[in-house]
Amino acid sequence: MGYNNEASSVETLYEKMGRDREPYLDRAREVAKLTLPFLMPPSGHTSASPLPTPWTAMGARGVNNLASKMLLTLIPPSAFFRLSIDNQTLASLDESGKLRSQIEESLVVAEQAIVREIEKSAIRPAIYEAFRHLIVTGNCLLFVNDEGVRVFALDQYTISRDPMGHVEKIITLEKVGSNQLDAEVLKRIHAKNPAEDVDEYDLYTCVKAK
């Protein structure tokens, strides 16, 4: 299967899977109108389109307050876990009992190192954003790798599951600038449409379960 056919088939599949998502999107957009409209803009919205303005800020304050409390509960500023060794393992490592305090101190140092790593990874803003999506739209997708966490809104992905609820396929849709695409990809795009000169493209990413 050629490159163009692959891209076309993924786009077609995304649109097909997206039909089952429409009732949830309609409900999410209605809720977003009353709280944080930018979380789920109206269909066809662009960066130049105005967003609806809620009559009151009560909904927005409620969403932000709930998301903040959820974030503090899940990832508090201080260590929210404790590393320990069961007595049997500790006894096998320290038969004399003289190293117990050193082992416990080392575990505390490890705890602090993990907390610092969480702060460095900038995971908090992404999780906060995910909580706001969960409160308003009821759904979102998190992509986690070594570079951090990304949040995909409900209108940016589709997902299919088997009868047991296991994920079979996920397709995401992103808007990317031409300067973010690989040179080989741009070459193939221009080969298909030589006269086309756009600054932004639709990027579909398909992930299949093994």
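Overview of the structure.

Here is what the cut-offs are and how they apply
For every chain, the first residue of the written sequence is number 1, and numbering continues from 1 along that sequence. The model is predicted, so local features are restricted to residues of pLDDT at least 70 and side-chain atom pairs to those at 80 or more, both for listing and for counting; the totals for chains, interfaces and linings are taken over all residues. Working from all heavy atoms in the structure, the side-chain values ignore hydrogens and water. Where helices and strands are cited, they refer to DSSP runs of H or I of at least four residues and of E of at least two residues respectively, numbered from the N terminus. Under the convention used throughout, the expected extent of a helix is 1.5 Å for every residue step, that is, one less than its residue count. Residue burial is assigned from relative accessible area. The probe radius is 1.4 Å, only protein chains are included, and a residue is buried under 20% of its type maximum, exposed over 50%, and partly exposed in between. A contact between two residues is defined here by any heavy atoms of the two lying within 4.5 Å. Pairing between strands is defined by DSSP: at least two bridges between them are needed. Axis definition: a line fitted to C-alpha atoms, over the contacting stretch in the case of helices. Angles run 0 to 180 degrees between N-to-C directions. In this context, the arc is that of the directions from the helix axis out to the C-beta atoms. What makes a salt bridge here is a side-chain nitrogen of Lys or Arg within 4 Å of a carboxyl oxygen of Asp or Glu, nothing more. Take the buried residues of types Ala, Val, Leu, Ile, Met, Phe, Trp, Tyr and Cys, join any two whose side-chain atoms come within 4.5 Å, and each joined set is a nonpolar core.

## Comments concerning helix α6 (residues 123-136)
Step number 1: Between its first and last C-alpha, α6 extends 20 Å over 14 residues, near the 20 Å set by a 1.5 Å rise per residue.
Step number 2: Burial in α6 covers these residues: Arg124, Ala126, Ile127, Ala130, Phe131, Arg132, His133 and Val136.
Step number 3: Lining the buried residues of α6 we find α2 (22-34), α3 (58-74), α5 (100-120), β1 (141-145) and β2 (148-152).
Step number 4: Where α6 terminates, the next one or two residues include Gly138, which has phi positive at roughly 85 degrees.

## Some remarks on the sheet that holds strand β3 (residues 157-161)
Step number 1: Strand order in the open sheet formed by three strands is β3-β4-β5, and the pairing between neighbours is antiparallel. Every other strand in the sheet has two partners, leaving β3 and β5 (200-208) as the edge strands with one partner each. Here the strands of the sheet are splayed against their neighbours by 15 degrees on average, with no regard to which way each runs.
Step number 2: As paired elements, β3 and strand β4 (residues 167-177) share five bridges and run antiparallel to each other. Across the sheet, the residue bridging to Ser160 is Lys169, located in β4.

## Things to note about the pairing of β4
Step number 1: Taking the residues that link successive antiparallel strands as the turn, the β3-β4 hairpin has five residues, and the phi of Gly165 there is positive, at about 90 degrees.
Step number 2: Note: β4 against β5, nine bridges, orientation antiparallel. Bridge assignment links Ile170 to a residue of β5, and that residue is Val207.

## Some thoughts on α3
Step number 1: Helix length check: α3 (17 residues) gives 24 Å between terminal C-alpha atoms against 24 Å at 1.5 Å per residue, within 8%.
Step number 2: Among all positions of α3, only Ala60, Val63, Ala67 and Leu71 are buried. When α3 is viewed along its axis, its buried side chains cluster within an angular range of 65 degrees and face the same direction. Seen from the buried face of α3, the exposed residues on the opposite side, beyond 90 degrees, are Met58, Arg61, Lys69, Leu72 and Thr73.
Step number 3: If you follow the buried residues of α3, they end up packed against α6.

## Regarding the pattern of salt bridges
Opposite charge on two side chains lets them pair, provided their charged atoms get close.
Step number 1: Evaluated as defined, the whole model comprises four salt bridges.
Step number 2: One salt bridge connects Glu30 with Lys33, and the closest N-O pair in it is separated by 3.4 Å. Of the two residues, Glu30 and Lys33 are both situated in helix α2; the distance of three residues between them amounts to about one turn of the helix.
Step number 3: Lys175 serves as the salt-bridge partner of Asp202, at 2.4 Å between the closest nitrogen and oxygen.

## Re the nonpolar core
Step number 1: Ranked by internal contacts, the top residues of the largest apolar core, which has 15 residues, are Leu36, Met40, Val136, Leu141, Leu154 and Tyr157.
Step number 2: Of all the secondary-structure elements, those providing two or more residues to this core are α2 and α3.
Step number 3: Not counting residues within four places of it along the chain, the set of residues in contact with Leu154 comprises Arg21, Tyr24, Leu25, Ala28, Met40 and Asn139.

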